[in-house]
Structures are given as structure tokens and as C-alpha cells.
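# Chains, contacts and geometry: an overview
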Amino acid sequence: MPMTAPPFPPRLLSPRHWPAWLLLGLAWITVQLPYRAVLAAGALLGALFRHLSPRRRRVADINLRLCYPGLDAGARARLLRAHFRALGIGLLETAMAWWLPERRLRPLIAEVVGLRHLQESLAGGHGVILLSSHFTTTEMGVRLLDLLVPINPMYRRHENAVVDDIMHRSFGAYFETVIPRDDVRGMLRCLRQGRAVWYAPDQNYGRRGHVFAPFFGIPAASNPATGRFAQMGKAAVIPYFASRLPGARGYRLTLLPPLSGFPSGDEVADTARVNAIVEAEVRTIPEQYLWVHRRFKTRPPGESGFYDTPGR
């Protein structure tokens, strides 16, 4: 694998990590194929994952039932299948983002909408929070935007030690700075220096520090920190999303205008606004959102859980 970094720690080379190395090696080999072939391989991988992971399939189905109650069973099943295909493609896109050089990735930028919003904010000396969300295109979207304007992504450490090490090495090779999710000081330092930080606050991490705000009309435990970070970092907030285009055409990168009147001083209203922005993007490409995440796991007091049934 093409990496210019210190040798891997011996603990990562023990036999118990060999399965992870094998899978990563197969991923590296696969993403050397032409882009159209990678998409086909990813779609097959996603279909296999759908059959082999009933728990994740069940979570995604529950989420789709909650968020799209008007869909009949057939339409929901088709969307579920499309989602797992997108999920498999996203796994290989992650490998592409980690390992492929700029000359392979830049041609995949098919459309760029609103880049001037980011350029103008940075030119004015303002830090920028690139407000995003967890789609199957997340890793690719971060890497592609960095080819146009240097950005600094926040990331969550991976539970697999080998994957986490590879991810950190790859990020370090491409980005100015990579910021662990819990490094608030590092994030604010970047913002105050007038840099752009990619940030996705949309997942459910429990009750602590969260507020309930609607997402697809359902109260969802949501992180209200976006407004606080914008205020403390004196930063503009620019929504950013990447979408995979049909027909192996590549990706559309969309940057919306900076949020005006944000933060407003009303933490719940600001969080609801963030959720509404994410929801609007999900509705344009529903199969590409990360439905296998238990977004509605944490419920308001007195409500029973949506996923709390036997066999979860």
C-alpha cells in the first residue's frame, strides 16, 4: 500500500489483526480498477452486506418506516436495496479517498455548486465550519473538496485498531490538520486561524449534551454545539454535501450560502435549523444517507425506543 509513514507498530501485525489486513488489502486492489468497475464491485458488496447483516438491515428498515411513512412496502424495499448498494460503494469510496492520488480523483468532480461561498469567507479572514452529515459519500466528499480548497476534517476514531491507524496515516498525508472529534480546542484553534473545518454533528451519541429537535418530524437527540462553535470560533457556517451522480459520472459538490443569523441565541431553534438543512439534502438523495445508524435511539423521557425489540 502506497504510504510514506513510519512503520506500523508491531501490535498491529499480530495474527489477530490479519483478517483486517486481508480486507484492507482486497479493498486496495479493488480501487485500482477503473471507476465504473469500483462502483459495480461496491454495489455487489452492499448487496452481500444486506444479506449478511440482518441487524443493520432491520435498523435501516425501521428508519425508513419512520422517515418515509407514505412509502408502500414495495417502494420501501426498493429504497432499502438501493441504500445497501450505496453503502457498499461508500465503503470502497472510503478506500479511494484514503489511497488514490489526486490525478485519479480530480476527474471525478463532475459539478461544483457554491464554491465561492467558501472562498469568499476564507478570503475575508473568517474561519468556516463546513456543516455536513453522514452520507455514504462522506469520506469521498471530504477528500474531493480538499482538492479545491484546503480543509481540516474532524474524525471519529475507528474501533478497529488497524483501520484507525490506516485512516490516520492517510488523512495525515492529505489534509493540513485532522482533528479528533473530542478535540474542541483544536477545532477552535483552526477556526480562529481563518481555516475551514469539516464537521458533521448529525449522529446520535446519547443524552449527554444533546437537545431534542425534529428530524423528519421525529424528535431526535441532536448535538447543539454547531452554534456554540461558530460563536467561539468567530466562524461562518456553510453547509456542504457531496452526492454520487448516476451513470458513473462522478460527484456533485454543493456548498450553500453561509447561514445568516446563526447562532440565534436559541439553542434548540438553531439545532432544529441544522436538522432541517440535513433533512432537505437527504430528501434529494435518500438512498445515500446512512440509514444503518440508529439515529432515533435516544428518546425523550417516557417514550419507548424504536429499536428496542428482540433480535436487534
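The numbering scheme is per chain: residues are counted from 1 as the chain's sequence reads. Residue-level local features of this predicted model are given only where pLDDT is at least 70; pairs of side-chain atoms are given and counted only at 80 or more, and the full residue set underlies all totals for whole chains, interfaces and linings. Just so you know, side-chain values use all the structure's heavy atoms and leave hydrogens and water out.

## So, the overall build of the protein chain
We apply this condition: Runs of E in the DSSP output that reach at least two residues are strands. Runs of H or I that reach at least four are helices, and both are numbered from the N terminus. For the radius of gyration, the atoms used are the C-alpha atoms, and the globule rule reads 2.2 Å times the number of residues raised to 0.38. Three labels apply to residues, based on accessible area from a 1.4 Å probe with only protein chains included: buried if under 20% of the type maximum, exposed if over 50%, partly exposed otherwise in between. Should any heavy atoms of two residues lie within 4.5 Å, those residues are considered in contact. Throughout, the Shrake-Rupley method with a 1.4 Å probe supplies accessible areas, and for residues the shown protein chains are the sole cover considered. The charged-residue count follows a simple rule in which Lys and Arg add positive charge and Asp and Glu add negative charge, with His and chain termini not counted at all. Each charge is placed at NZ for Lys, CZ for Arg, CG for Asp and CD for Glu.
Counting its regular elements, the protein chain contains 11 helices and nine strands. Over its C-alpha trace the protein chain gives a radius of gyration of 19 Å, about what one expects of a compact globule, namely 20 Å for 312 residues. Summarising its shape, the C-alpha atoms of the protein chain cover approximately 50 × 50 × 40 Å along the three principal directions. Taken across its 312 residues, the protein chain has 53% of its residues classed as buried. Of all intrachain contacts in the protein chain linking residues separated by at least 6 positions in sequence, the fraction that spans at least 24 positions is 77%. Accessible surface for the protein chain amounts to roughly 14800 Å². Of this, 57% is attributable to carbon and sulfur atoms. The centroid of the 40 positive side-chain charges in the protein chain is displaced by 5 Å from the centroid of its 23 negative side-chain charges.

## Digging into the layout of surface pockets
Gaps left between atoms show up when a probe the size of a water molecule is rolled over them. The line we're drawing: Definitions used for this entry: grid spacing 1 Å over protein atoms alone; cavity, a set of points where a 1.4 Å probe fits but cannot get out; pocket, an open set with protein on both sides within 12 Å along at least 5 of 7 lines; lining residue, one with an atom within 4 Å of a point. Grid points are joined across faces, edges and corners, and a volume is the space filled by probe spheres set on the points. Ten residues, namely Ala, Val, Leu, Ile, Met, Phe, Trp, Tyr, Cys and Pro, are considered nonpolar, four, namely Asp, Glu, Lys and Arg, are considered charged, and the remaining ones, Gly among them, are considered polar.
Put simply, the second largest pocket is a space of about 320 Å³. Along the walls of the second largest pocket sit 18 residues, with Ile89, Arg244, Leu245, Pro246 and Gln288 positioned nearest its centre. Elements supplying a minimum of two residues to the lining of the second largest pocket: α2 (35–52), α4 (73–99) and β8 (235–245). In the lining of the second largest pocket, the residues fall into 10 nonpolar, three polar and five charged.

## As for unusual backbone geometry
The linkage connecting phenylalanine 262 with the following residue, proline 263, adopts the cis geometry, with an omega of 0°. Following the sequence through the fold, proline 263 ends up in the loop between β9 (250–255) and α11 (267–284).

## Brief notes about the nonpolar core
Nonpolar side chains in soluble globular proteins tend to be buried together. Our working rule: To define a nonpolar core, start from buried Ala, Val, Leu, Ile, Met, Phe, Trp, Tyr and Cys residues and group those joined through side-chain atoms within 4.5 Å.
Met96, Leu118 and Leu130 are the most contacted members of the largest nonpolar core, which has 47 residues in total. At six residues, the largest contribution of residues to this core is made by α4. Sequence-distant contacts of leucine 130, that is, excluding residues within four places in its chain, are made with Leu118, Leu145, Ile151, Ala196, Val197, Trp198, Tyr199, Ile238, Tyr240 and Leu255. Of all hydrophobic cores here, the second largest spans 43 residues; its members include Ile62, Leu188, Trp291 and Tyr307.

## Structural notes on the pattern of salt bridges
Stated precisely, the cut-off is as follows: The term salt bridge refers to a side-chain nitrogen of Lys or Arg lying within 4 Å of a carboxyl oxygen of Asp or Glu.
Applying the stated rule across the entire model yields 11 salt bridges. One salt bridge connects arginine 244 with glutamate 93, and the closest N-O pair in it is separated by 2.7 Å. Taken together, the residues span a long stretch of sequence, with arginine 244 in strand β8 and glutamate 93 in helix α4 at a distance of 151 residues. Here arginine 252 makes a salt bridge to glutamate 111, at a shortest N to O gap of 3.0 Å. Of this pair, arginine 252 sits in strand β9 while glutamate 111 sits in strand β1 (residues 109–113), and the two are 141 residues apart along the sequence. By relative accessible area, which is 28% here, glutamate 111 ends up partly exposed.

## A short note on the packing of aromatic side chains
Here is the rule: By convention, a stacked pair of Phe, Tyr or Trp rings (six-membered ring in the case of Trp) has centres within 6.5 Å and planes under 30 degrees apart, an edge-to-face pair has planes over 60 apart, and any other such pair is tilted. For a ring to carry a charge above it, either NZ of a lysine or CZ of an arginine must fall within 6 Å of the ring centroid while also lying within 35 degrees of the normal to the ring plane.
In the structure shown here, the tally under the stated rule is 14 aromatic pairs. Plain terms: the ring middles of phenylalanine 135 and tyrosine 289 are 5.2 Å apart, the flat faces sit at 70° to each other, and that makes the pair edge-to-face. One end of the pair, phenylalanine 135, is in the loop between β2 (127–131) and α7 (138–146); the other, tyrosine 289, is in the segment after α11, with 154 residues separating them in the sequence. Under the relative-accessibility criterion, tyrosine 289 is labelled buried at 3%. For the ring pair phenylalanine 215 and phenylalanine 216, a centre distance of 5.0 Å and an interplane angle of 85° mean the geometry is edge-to-face. Accessibility assignment for this pair places phenylalanine 215 and phenylalanine 216 in one class, buried. Three or more aromatic residues link up through ring pairs in this structure, and these residues are Tyr68, Phe135, Phe215, Phe216, Phe241, Tyr289, Trp291, Phe296 and Phe306. Note that arginine 143 overlies the ring of tyrosine 174, its terminal NZ or CZ placed 3.5 Å from the centroid.

## As for the sheet that holds β8
Operational definition: DSSP bridges decide pairing: two strands pair if at least two such bridges lie between them.
The strand order across the open sheet built from seven strands is β1-β9-β8-β2-β5-β3-β4, with neighbouring strands paired in mixed fashion. Strand pairing shows two members of the sheet lacking a second neighbour, β1 and β4 (179–180), which therefore form its edges. Pairing analysis gives four bridges linking β1 to β9, with the strands arranged parallel. Looking at β9, one finds that glutamate 111 is bridged to arginine 252.

## Topic: the side chain of threonine 226
When you line up the elements, threonine 226 lands in helix α10 (residues 225–233). With residues up to four places along the chain from it excluded, the contact list for threonine 226 reads Ile129, Leu131, Tyr199, Pro201, Val237, Phe262 and Val274.

## Points about a nonpolar patch on the surface
Note the following rule: Exposure above 30% relative accessible area and no salt bridge define the residues that can form patches, which grow by joining like charges within 9 Å and nonpolar side chains of Val, Leu, Ile, Met, Phe, Trp and Tyr within 5 Å.
A grouping of Leu22, Leu23, Leu26 and Ile29 is seen on the molecular surface, where their side chains present a nonpolar patch of about 430 Å² in accessible area. Note that isoleucine 29 resides in helix α1 (residues 18–30).

## A word on the packing of α4 against α7
This is how it is decided: To get an axis, fit a line to the C-alpha atoms, keeping to the stretch in contact for a helix; angles then go from 0 to 180 degrees between the N-to-C directions. With respect to orientation, any angle under 35 degrees is reported as roughly parallel, any angle over 145 as roughly antiparallel, any angle of 65 to 115 as roughly perpendicular, and every other angle as oblique. Put simply, a crossing is left-handed when the front helix is turned counterclockwise from the back one by less than a right angle, and right-handed when it is turned clockwise.
Following both chains from N to C, one finds α4 and α7 inclined at 30°, their axes separated by 7 Å at the closest point. One element, α4, and the other, α7, form an angle in the roughly parallel class. Where α4 crosses over α7, the two elements pack in a sense that is left-handed. Facing Glu93, Thr94, Met96, Ala97 and Trp98 of α4, the residues of α7 in contact are Glu139, Met140 and Arg143. Of the residues assigned to the contact of α4 with α7, the class counts are four nonpolar, one polar and three charged.

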